[in-house]
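Here's the letter readout for the chains.
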Amino acid sequence: MSDPSADSTKRQGSWRSLLIWVLLALLLRWIVVEPRWIPSGSMLPTLQLQDRILVEKLSPRFDRARHQALPLNSIVVFRVPEPLVRAGYDPDAALIKRVVGRPGDQLEVRDGQLRRNGEAVDEPWLNEAIDYVMAPVTVPDNELWVMGDNRNASLDSHLWGPLPEADVIGTAILRYWPLSRFGPIRFSRPDALVTKSTAAIGSRA
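Residues numbered from 1 in each chain as written. Predicted model: local features only at pLDDT ≥ 70, side-chain atom pairs only at ≥ 80, totals over all residues. Heavy atoms only, no water.

1. Comments concerning the overall build of the protein
So, point 1. Scanning the protein for helices and strands turns up four helices and twelve strands.
So, point 2. For the protein, with 205 residues in total, the buried portion stands at 39%.
So, point 3. Long-range contacts, defined as pairs at least 24 residues apart, comprise 63% of the intrachain contacts of the protein with a sequence gap of at least 6.
So, point 4. For the protein, the exposed area adds up to about 11,500 Å²; of that, 57% sits on carbon and sulfur atoms. (Helix = DSSP H or I, 4+ residues; strand = E, 2+ residues; numbered from the N terminus. Buried < 20%, exposed > 50% of the residue type's maximum accessible area, 1.4 Å probe, protein only. Contact = heavy atoms within 4.5 Å. Areas by Shrake-Rupley, 256 points an atom, 1.4 Å probe, with all protein chains shown as cover.)

2. Quick look at the environment of Leu-47
So, point 1. Position of Leu-47 among the secondary structure elements: in the loop between strand S1 (33-37) and strand S2 (52-56).
So, point 2. The exposure class of Leu-47 is buried, given its relative accessible area of 0%.
So, point 3. Sequence-wise, Leu-47 and Arg-175 are 128 residues apart; in three dimensions their C-alpha atoms are separated by 9.2 Å.

3. Here's the deal with the sheet that holds strand S6 (residues 113-116)
So, point 1. In space, the four strands of this open sheet follow the order S7-S6-S5-S8, with antiparallel pairing throughout. With one partner strand each, in any of the chains shown, strand S7 (119-120) and strand S8 (134-138) form the two edges of the open sheet.
So, point 2. Looking at chain direction, S6 and S7 are connected through two bridges and run antiparallel. If you follow Arg-115 over to S7, its bridge partner there is Ala-120. (Pairing = 2+ DSSP bridges.)

4. Details of empty space enclosed by the protein
So, point 1. Applying the stated criterion to the full structure yields one cavity of 30 Å³ or more.
So, point 2. Taken together, Pro-60, Asp-63, Arg-64, Gln-68, Ala-69, Leu-70, Leu-144, Glu-165 and Val-168 form the lining of the largest cavity.
So, point 3. A per-element tally of the lining of the largest cavity places helix H2 (residues 58-65) first, with three residues.
So, point 4. A class-by-class count of the residues in the lining of the largest cavity yields five nonpolar, one polar and three charged. (1 Å grid on protein atoms, 1.4 Å probe; cavity = no way out; pocket = protein on both sides within 12 Å on 5 of 7 lines; lining within 4 Å. Points joined across faces, edges and corners; volume = space filled by probe spheres on them. Nonpolar A, V, L, I, M, F, W, Y, C, P; charged D, E, K, R; others polar.)

5. Things to note about the packing of aromatic side chains
So, point 1. By the definition in use, this model includes one aromatic pair.
So, point 2. Seen in terms of ring centroids, Phe-78 and Trp-160 are 6.0 Å apart; in terms of plane orientation they differ by 50 degrees. Their pairing is tilted. Here Trp-160 lies in helix H4 (residues 157-160) and Phe-78 lies in strand S3 (residues 75-79), a separation of 82 residues in the sequence. Across the pair, exposure class does not vary: Phe-78 and Trp-160 are buried alike.
So, point 3. Above the face of the Trp-125 ring, Arg-98 is positioned so that its terminal group lies 3.6 Å from the ring centre. (Phe/Tyr/Trp six-rings, centres within 6.5 Å; stacked < 30°, edge-to-face > 60°. Lys NZ or Arg CZ within 6 Å of the ring centre and 35° of its normal.)

6. Points about the nonpolar core
So, point 1. Core analysis: the biggest nonpolar cluster contains 15 residues, and Val-76, Phe-78, Leu-144 and Val-146 have the highest contact counts within it.
So, point 2. Of all the secondary-structure elements, those providing two or more residues to this core are S3, strand S4 (94-101) and strand S9 (143-147).
So, point 3. Not counting the four nearest positions on each side in its chain, Val-146 is found in contact with Val-76, Phe-78, Lys-97, Arg-98, Val-99, Asp-156, Ser-157, Trp-160 and Leu-163.
So, point 4. Residues Ile-38, Leu-47, Val-55 and Val-77 belong to the second largest nonpolar core, which totals twelve residues. (Core = buried A, V, L, I, M, F, W, Y, C linked by side-chain atoms within 4.5 Å.)

7. Here we look at the confidence of the model for the protein
So, point 1. For the protein, the mean per-residue pLDDT works out to 81, and 75% of the residues sit at or above 70.
So, point 2. Counting interchain partners and residues more than four positions distant, the pLDDT-below-50 stretch residues 188-205 has 69 contacts. (pLDDT = per-residue confidence, 0-100.)

8. Regarding the pairing of strand S11 (residues 168-177)
So, point 1. Summarising the sheet, S2 and S11 pair through five bridges and their orientation is antiparallel. Within the sheet, the bridge partner assigned to Glu-56 lies in S11 and is Thr-171.
So, point 2. Bridge analysis of S11 against strand S12 (residues 183-184) gives two bridges, and the strand direction is antiparallel. Across the sheet, the residue bridging to Leu-174 is Pro-184, located in S12.

9. Brief notes about a nonpolar patch on the surface
So, point 1. A contiguous nonpolar surface patch, about 270 Å² in accessible area, is contributed by Tyr-89, Leu-155 and Leu-159.
So, point 2. For Tyr-89, the position within the fold is in the loop between helix H3 (82-86) and S4. (Patch = residues over 30% accessible without salt bridge, like charges linked within 9 Å, V, L, I, M, F, W, Y side chains within 5 Å. Salt bridge = Lys/Arg side-chain N within 4 Å of Asp/Glu carboxyl O.)

Pasting the structure below:
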């Protein structure tokens with residue numbers, strides 16, 4: 001005959017273990033990494049509608065602590081900028097774009113191409129030339145200039161201005177769905193040449 005007190009202690013231990021694992025999972029999602037999905041076409045062709053990705057959240061915090069800007073070509077998920085909130089955009093949503101300018105960079109769009117510090121930027125992820133003109137702008141301290149890869153159909157910095165670095169939630173590290181496109185999301189480091197690598201990242205899950 002089993003001891004009721006022993007059975008009760010065993011059940012309590014099982015519940016405690018389950019609770020610990022749940023808390024660890026929630027902590028991991030809140031602080032380290034979380035799943036996101038792509039709700040719009042602003043990052044086409046790099047990111048497809050309904051792609052599922054993982055967003056890593058520690059690097060932006062460490063970079064800010066070291067007073068370093070995120071690498072160029074990073075794909076970032078960020079809180080809705082204040083100009084869009086004032087215009088009626090959902091403040092609880094999240095947006096996703098590519099970092100094309102860091103503090104001190106001068107950017108402009110001319111002749112269908114983005115230019116950074118006077119030089120044309122090689123952007124192999126674009127499907128078509130840019131169909132608008134953007135007057136020269138210098139990225140302020142502690143801010144970034146972000147643009148969608150679907151450049152002609154993206155609500156990005158060329159319309160609402162620079163993004164405060166503090167509003168960045170995280171950067172993409174992995175696309176996990178669909179399985180046919182499973183793999184890490186790559187981008188160039190700031191001290192590397194801009195290579196013909198694909199980058200992708202997601203929005204709110």
